[in-house]
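Breakdown of the fold
Each chain, written out:
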Amino acid sequence: MKSIRNHLSLVIALLSILFSMQIFIIVDRSIDAYKENLANNYAVVIVSQKRLSDEVVLGINKLIASSGELTADSVIERLNSGMDKKNIEFLKLTLPKFYKLKLDHYPTPQEVITLKKDLLKNSSITKIEDFSHNHDTTYKLLLLFKGVVSVFALSIFVVTTLLIFKELRIWQFKHSERMSIMGLFGAPVWLRSAVLFRLSIVDAFIASIFAFGLFSYIATNAWILKQFESIDISVVIFNPIDDFVLLLGVAISLSILLASFIVLGHKEEV
Amino acid sequence: MDKVIMAQNLTLAYSNNETIINQINFSVDSGSFVFITGASGSGKSTLLKSIFGALKPKQGSLIVGGVELKGVSSSKLNFLRRHIGIVFQDYKLVKEWSIEKNIMLPLIINGYDKSVTQNQVETLLKHVRLKHQAGKYPLELSGGEQQRVAMARALAHNPILILADEPTGNLDDYSSQLIWNLLEGANSQLKTTVIVVTHHIPESLGVEYKHFHIEYGSIHEVN
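All of the points below concern the structure found in this document. (Residues numbered from 1 in each chain as written. Chains lettered and ligands numbered in written order. Predicted model: local features only at pLDDT ≥ 70, side-chain atom pairs only at ≥ 80, totals over all residues. Heavy atoms only, no water.)

**Thoughts on the environment of F90 of chain A**
One can find F90 of chain A in helix α4 (residues 85-94). Separated by 32 residues in sequence, F90 of chain A and N122 of chain A place their C-alpha atoms 25 Å apart. (Helix = DSSP H or I, 4+ residues; strand = E, 2+ residues; numbered from the N terminus.)

Below, the structure written as structure tokens:
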């Protein structure tokens, strides 16, 4: 019972770190997926006096992935009350050309500004509609969300790291007598502190396994999947191999690092 | 005869710069039995601490087993300690370990084979009359029994030097006699150098010994 309690405090602290880290990863992946989704639906419309070939448009800025001409038929249809065919044909020739530009990825506001500048360098382009107001709002909202989650994850990381440090200090007090006695008989530092390292590595494993179970459940939970589906994005919530290796690596590295600090700070008492 | 300890102009002081031992010279022959006596606070335990490197010389030189302890590196000190057996007045047993594991400690540190370790521990438990208590923990034993365990641990790895700080200080006659017999045996049969810090030298000791007395920070041999 005492042994379980000894492990539990470190396992819970490590688990909180792993939890906040994986949540950050999920949010990051969701934002990337959402940005991709937005990029697919986002387009810039340009008005040109002359017909522009695909090569010309694609050469203006690397951000432009494709361009498509918008037909003027719908505009003309509205004016088509009593106009004869000849005039309609003339009107078609004199109306400016409209192009819808699809972008390679969801642009930052700075990228939108650069794109507009590059487009206006072409003398035949007279007007650009970038829907920047909507774009800016969505983009800033995404950044704000990511920022809040990052700060939250970082706070949990700092607080729990301090908790782990404190817990290992308690361990050090518990083990210091044994470590000192071993030192009197010439045990090297690694042997004296082997128990401390072993316990912290075991706890890192336990915390990683708990995190694996928790996120495996979350990744298959119907309600959570439905939420992602409702905003039309598909995200890998938990990759059982890559993510688990990452979580395990972080947990073990952190445990070893903190245990090393404790061991280096140990002073021999006789 | 080889010297296992050589001190020249040795000065020992605590961190507050209070000098305990002042410029002493003495040596201990390999295989000898030595008593160090002195009044409480005279510095005899401090001298013992310096011999196993827990207190570094402030001035002068202290060579133990060929290792100069002034400015010694931790790896060299560990190496030296692996060849010393120590018995403390307060036993210094690991409370959360069984008696058996406590005796095994120097053997584990010295990398002995598991079978050798097991045999050695069984033999020592017989010598200290604690075979029936092997699985118990230190706090389940009396003071005398704990000191016998500490004695067995000090002998386990056949050290070149045994340091004992008032090993029979608070013990009953039976345990005291057992401790002296073990120290005599180690000295006469294994030629282990034994240094005992004590207030009283036992009257019936079966080995020849040297007697140093510490007074006012100085040491002198008593004939």
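Text resumes after the structure shown.
**Comments concerning unusual backbone geometry**
All names here are of chain B. Positive phi, normally seen in glycine, also occurs at K92, with a value near 50 degrees. Mapped onto the elements, K92 comes out in the loop between β6 (84-87) and α3 (99-109). Exposure remark for K92: the relative accessible area of 18% places this residue in the buried category. A positive phi angle, close to 50 degrees, is found at Y216, a residue other than glycine. Note that Y216 resides in the loop between β9 (210-215) and β10 (218-222). (Buried < 20%, exposed > 50% of the residue type's maximum accessible area, 1.4 Å probe, protein only.)

**Quick look at the pattern of salt bridges**
Evaluated as defined, the whole model comprises eight salt bridges over all chains. A salt bridge links E177 of chain A to K95 of chain B; its shortest N-O distance comes to 2.8 Å. Here the residue E177 of chain A occupies a position in helix α6 (residues 132-184), and K95 of chain B occupies one in the loop between β6 and α3, the pair thus bridging two chains. Residue class for E177 of chain A comes out partly exposed when judged on its relative accessible area of 35%. Between K92 of chain B and D90 of chain B there is a salt bridge, with its nearest N and O atoms 3.4 Å apart. (Salt bridge = Lys/Arg side-chain N within 4 Å of Asp/Glu carboxyl O.)

**Thoughts on the nonpolar core**
Residue and element names in this part refer to chain B. With 44 residues, the main nonpolar core has I5, F26, L47, V64, L163 and I195 as its most contacted residues. Sequence-distant contacts of F26, that is, excluding residues within four places in its chain, are made with I5, M6, A7, L47, F212 and I219. Core analysis: the next-biggest nonpolar cluster, separate from the first, contains 35 residues, V87, L124, A152 and L155 among them. (Core = buried A, V, L, I, M, F, W, Y, C linked by side-chain atoms within 4.5 Å. Contact = heavy atoms within 4.5 Å.)

**Examining the sheet that holds strand β3 (residues 33-38) of chain B**
All names here are of chain B. Spatial strand order, β6-β7-β8-β3-β9-β10: six strands in an open sheet with mixed pairing. Because the sheet does not close on itself, it has two edges, and the strands there are β6 and β10. With direction set aside, neighbouring strand axes in the sheet form an average angle of 20 degrees. Note: β9 against β10, five bridges, orientation antiparallel. Counterpart to H211 in the pairing with β10 is V222. In this fold helix α5 (residues 143-155) packs onto β6 and β7 (161-165), with an angle of close to 170 degrees to the strand it touches most, β6. (Pairing = 2+ DSSP bridges. Axes fitted to C-alpha atoms, helices over the stretch in contact; angles between N-to-C directions.)

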